[in-house]
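As a plain string of letters, each chain reads:
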Amino acid sequence: MNLLDNARNLLTNFLSGGKIGSMPTAEGAVSDPFGQPQPLFFSLYDWFLEHGSVYKLAFGPKAFVVVSDPIVARHVLRENAFSYDKGVLADILEPIMGKGLIPADLETWKQRRRVIAPGFHALYLEAMAKVFTDCSERTMLKFEKLLEEECSKGGGTIELDLEAEFSNLALDIIGLGVFNYDFGSVTKESPVIKAVYGTLFEAEHRSTFYIPYWKIPLAKWLVPRQRKFQSDLKVINDCLDGLIINAKETREETDVEKLQQRDYLNLKDASLLRFLVDMRGADADDRQLRDDLMTMLIAGHETTASVLTWAVFLLAQHPSKMKKAQAEIDLVLGQERTTFESVKKLVYLRLIVVESLRLYPQPPLLIRRSLRSDCLPGGYKGDKNGYVIPPGTDIFISVYNLHRSPYYWDKPDEFEPERFLEQKESQGIEGWAGFDPSRSPGALYPNEVISDFAFLPFGGGPRKCVGDQFALMESTIALAMLLQKFDIELQGSPDSVELVTGATIHTKNGLWCRLKKRPNVH
Ligand code: HEM
């Protein structure tokens, strides 16, 4: 920041009377952030109801601004997006993702986003529908085999931790879809799979600690957990390097028009890596490519597994909605496999996926840090004037609060997939006209634009998730194939499924469920 910027910031703060100081403060938050008796995002919700849509949260000497309002979220994420970077999140993820899209500096981000986003084109997604179906089928076959074994012993049900199973499924899908590597984790264990889980574990641990303990000199060599993390990273990086070398050796340079003539559905390798290597003008050094792949591996794995976990958790508590979904699946699919086309007809199932994302957004918080002073817009519930924030302010946009805001949603805590179809002024932000799947061919799923930032499961603005359509289709297909074959019940009470958070919301001890083959299913 230059002198002029500094002077301008000081002046703005002076003229505003240091308005951040007048922001309501969550006093209770001064307590130990690591000793929270409940996940942080629950407390942020209570303070939102108490202090309003924009408040300050103090962790000792450190303060965060917590935003739970769609207009302010839209301002930070879209209208003034380049006045913010990823702050704490980039600190945590940079050692893992390097210059991948999530932690990248602005210059690198601009360059790589331009290259990567087009990789998720319609033909690619169509080819991916087959990958999602193949991988889901592998999981269902595994369950069927376990059930058969159980039946031969006289039982009729199996008990499984579906969260762990979804994690394996999502890992297989992301490996094949992004770099054409079959982890095969549904059926086996390997050093690479163990390394991926080890890395995820460490990334999650870091995201729950505010102090960057991994930056302490020599820690990475002296602390055993940090040494393991370094060796896990090496295993994955070696694997990715091998895949990149292979993709480059078999490069077929092409451009967009030629690419569209490719018979995508019959390509042996339709992966994103193939696209990134083959596209003319998309040259990147091997290190950058590796960072890109690692970012997508981490960003696209646990998030999708969590959506599936919470969708099943919710459906198991609402048997009539599970039956309604199964009736739709029977009508659209019968005993057939899912396809790109059938996803378009699975309207109710798609709404189940988005309603699960509304109630359990992944991640529950979006993190930003202001690069220069900014004026947050006013006029929202709780404050009419807006606040000026100085450079270096850390902001949490609480997607969880937005998605359960009593100001924008009827019965916000209830699982009601049908809500997205209702045309009510009180639903979502003013002017929300409901989601009409038959009139929105371009948008199969409700999104942040339709809801004017009251619903933002994939963020919004220039840093919005690149894999949103990939993830939504993947979740819809996996859920369809599961419900096509099985009836599902929770093994214990819903309360016994405790929540914990790191980067995503997950269960404390797994999502233990009882699965039974549906009648008349072969
Ligand atoms: C960014 C959610 C799946 C790749 C994001 C962001 C969210 C999100 C909220 C924005 C973060 C921010 O603004 O700070 C999700 C959810 C998913 C999912 C809920 C699953 C249901 C995927 C998949 C991929 C992916 C499957 C890749 C194949 C990325 C990347 C970014 C991102 C690369 C960074 C984009 C940028 O900064 O330009 N995701 N994601 N995500 N996501 Fe996803």
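Residues numbered from 1 in each chain as written. Predicted model: local features only at pLDDT ≥ 70, side-chain atom pairs only at ≥ 80, totals over all residues. Heavy atoms only, no water.

**Let's talk about the overall build of the protein**
Step number 1: A count of helical and extended segments in the protein gives 18 helices and 13 strands.
Step number 2: Going through the 522 residues of the protein one by one, you find that 56% of them count as buried.
Step number 3: Taking all contacts inside the protein whose residues are at least 6 apart in sequence as the whole, residues at least 24 apart take part in 74%.
Step number 4: Approximately 22,600 Å² of the protein is accessible, and the part contributed by carbon and sulfur atoms is 56%. (Helix = DSSP H or I, 4+ residues; strand = E, 2+ residues; numbered from the N terminus. Buried < 20%, exposed > 50% of the residue type's maximum accessible area, 1.4 Å probe, protein only. Contact = heavy atoms within 4.5 Å. Areas by Shrake-Rupley, 256 points an atom, 1.4 Å probe, with all protein chains shown as cover.)

**Some details on the packing of helix 13 (residues 286-316) against helix 16 (residues 347-359)**
Step number 1: Contact pair helix 13 / helix 16: the axes reach a minimum separation of 9 Å and the direction vectors enclose 100 degrees. Taken together, the axis directions place helix 13 and helix 16 in an arrangement best described as roughly perpendicular. Here Val 307, Trp 310, Ala 311, Leu 314 and Leu 315 of helix 13 lie close against helix 16, whose contacting residues are Ile 352, Val 353, Ser 356, Leu 357 and Leu 359. (Axes fitted to C-alpha atoms, helices over the stretch in contact; angles between N-to-C directions. Parallel < 35°, antiparallel > 145°, perpendicular 65-115°, else oblique.)

**With respect to the pattern of salt bridges**
Step number 1: All told, the structure shown has 36 salt bridges when counted by the stated rule.
Step number 2: Residue Arg 138 is joined to Asp 172 by a salt bridge in which the shortest nitrogen-to-oxygen separation is 3.0 Å. Highlighted residues: Arg 138 in helix 6 (residues 122-152) and Asp 172 in helix 7 (residues 162-179), separated in sequence by 34 residues.
Step number 3: A residue is classified by how much of its surface remains accessible, and Arg 138, at 26% relative accessible area, is partly exposed.
Step number 4: Judged by relative accessible area, Asp 172 falls into the buried class, the value being 0%.
Step number 5: One salt bridge connects Arg 225 with Glu 202, and the closest N-O pair in it is separated by 3.0 Å. Taken as a pair, Arg 225 in helix 10 (residues 224-249) and Glu 202 in helix 8 (residues 191-207) lie far apart in primary sequence, 23 residues in all.
Step number 6: You can call Arg 225 partly exposed: its relative accessible area is 34%.
Step number 7: When salt bridges with common partners are traced through the structure, they connect Arg 74, Arg 78, Glu 79 and Asp 452 into a single cluster. (Salt bridge = Lys/Arg side-chain N within 4 Å of Asp/Glu carboxyl O.)

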